[in-house]
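Fold and geometry: a report
Residues per chain are reported as follows:
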Amino acid sequence: MELASERTKPQVKEYMTRDVVTVSPDSTVGAVAERIAESEEHSGFPVCERRRVEGFISARDLLLAGDDDPIFKVMTTDLLVAHPEMKVNDAARVILRSGIQKLPVVDDAGNLVGIISNADVIRSQIERATPEKVGKLVRTLEQIHSVSLAQERRTVAIDQLTPTQGRVYADELEGRKYELERGLAEPLVVIDNDGTLLLADGHHRVLAADRLGIDAMDAYVIVVENEIALGMAETAAKEGLESLDDIDVVDYARHPLVQTTKRLQSGE
């Protein structure tokens, strides 16, 4: 069973900036350098012919160029771009792994529709864990299983948790360790299914805590007094997930909605 929380994970289009400042490939290095110098927000711009993304120009690209050189001669053309339907978490991995600060967002035709920055990603992460969202999960489970559930906030021992997700990403794991070390991590979401503690959300946080020697974590707990057959429990059983040791840590493979402008331009 796919949980509502999984289906409603935020997408790039919900957090991207739609009003994007761009420059033309025919603009001169001097003109663009002046715009960057006068701006408090921009250290570079997408380069677009009409709305089609041709490349990206940053302050670094301008350093060794002559003032009269056209931008198309010095711009970066092999840049990563995201799709508006990509999940924000996946965009965050791309931004973290590539070291860039902003990721242009293009539609299926290669037209620029927005830009998502590391600040947008941070905003989405801060907003994602709320009692209201936990309440929505409670209501979904109540409707599916025709039961009445309670919820509470408590500390849970991580070695008592049954994972429901078979893999985590190495780069996001590092991010969660950083949060935990600074006291920034949000609570877990756990379903207490008549004594069996199913980890519904927070696998990266739990694994990061385990690596840091943290034994217990704060959690929103959905309490099921009489055990019910949950889809996530069935999935965990099929995948042989019994403890944190059963979770695989994988490097991030290229997301199918991440492309490069070169591939877009060649129609691949």
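These remarks concern the structure in this document. Residue indices begin from 1 for each chain and proceed along its sequence in written order. Two thresholds apply to this predicted model, a pLDDT of at least 70 for residue-level local features and 80 or more for giving and counting side-chain atom pairs, whereas whole-chain, interface and lining totals are computed over all residues. Based on all heavy atoms of the structure, the side-chain values leave hydrogens and waters out of the count.

**What to know about the pattern of salt bridges**
The rule for a salt bridge is simple: a side-chain nitrogen of Lys or Arg has to be within 4 Å of a carboxyl oxygen of Asp or Glu. Summed over all chains, the structure comprises seven salt bridges. Taking the shortest distance from any N to any O, the salt bridge between Asp 90 and Arg 93 comes out at 2.4 Å. Of this pair, Asp 90 and Arg 93 are both found in helix 6 (residues 88-98), three residues apart, which corresponds to roughly one turn of the helix. Across the pair, exposure class does not vary: Asp 90 and Arg 93 are buried alike. One salt-bridge network, in which partners are shared between bridges, spans Glu 152, Arg 154 and Asp 192. Secondary structure follows DSSP: runs of H or I at least 4 residues long count as helices, runs of E at least 2 residues long count as strands, and numbering of each begins at the N terminus. Buried means the residue's accessible area, taken with a 1.4 Å probe over protein chains only, is under 20% of the maximum for its type, while exposed means over 50%, and partly exposed covers the values in between.

**Examining unusual backbone geometry**
Backbone geometry follows two general trends: most residues other than glycine have a negative phi, and most peptide bonds adopt the trans configuration. Residues other than glycine seldom take positive phi values, yet Arg 50 does so here, at roughly 60 degrees. When you line up the elements, Arg 50 lands in the loop between strand 1 (44-49) and strand 2 (52-58). At Ser 146, a residue that is not glycine, the phi angle is positive and equals roughly 55 degrees. By secondary structure assignment, the location of Ser 146 is in the loop between helix 8 (131-145) and strand 6 (150-157). Overall, the relative accessible area of 67% leaves Ser 146 in the exposed class.

**Observations concerning the pairing of strand 11 (residues 216-224)**
Burial analysis of strand 11 places seven of its nine residues in the buried class, the great majority of the element. Across eight bridges, the pairing between strand 6 and strand 11 is antiparallel. Across the sheet, the residue bridging to Arg 153 is Tyr 220, located in strand 11. Paired strands, as defined in this entry, are two strands with at least two bridges between them according to DSSP. As defined by bridge partners, strand 9 (residues 188-193) adjoins strand 11 across six bridges and the pair is classed as parallel. Within strand 11, the residue paired with Ile 191 across the bridge is Ile 222.

**With respect to the sheet that holds strand 7 (residues 161-163)**
Strand order in the open sheet formed by five strands is 6-11-9-10-7, with mixed pairing between adjacent strands. This sheet does not close on itself; its edge strands, each paired only once, are strand 6 and strand 7. Taking the axes of each pair of neighbouring strands and ignoring which way they run, one obtains an average angle of 40 degrees across the sheet. Here, axes are lines fitted to C-alpha atoms. For helices the fit covers the stretch in contact, and angles between N-to-C directions go from 0 to 180 degrees.

Distances and angles like these do not, on their own, reveal function.
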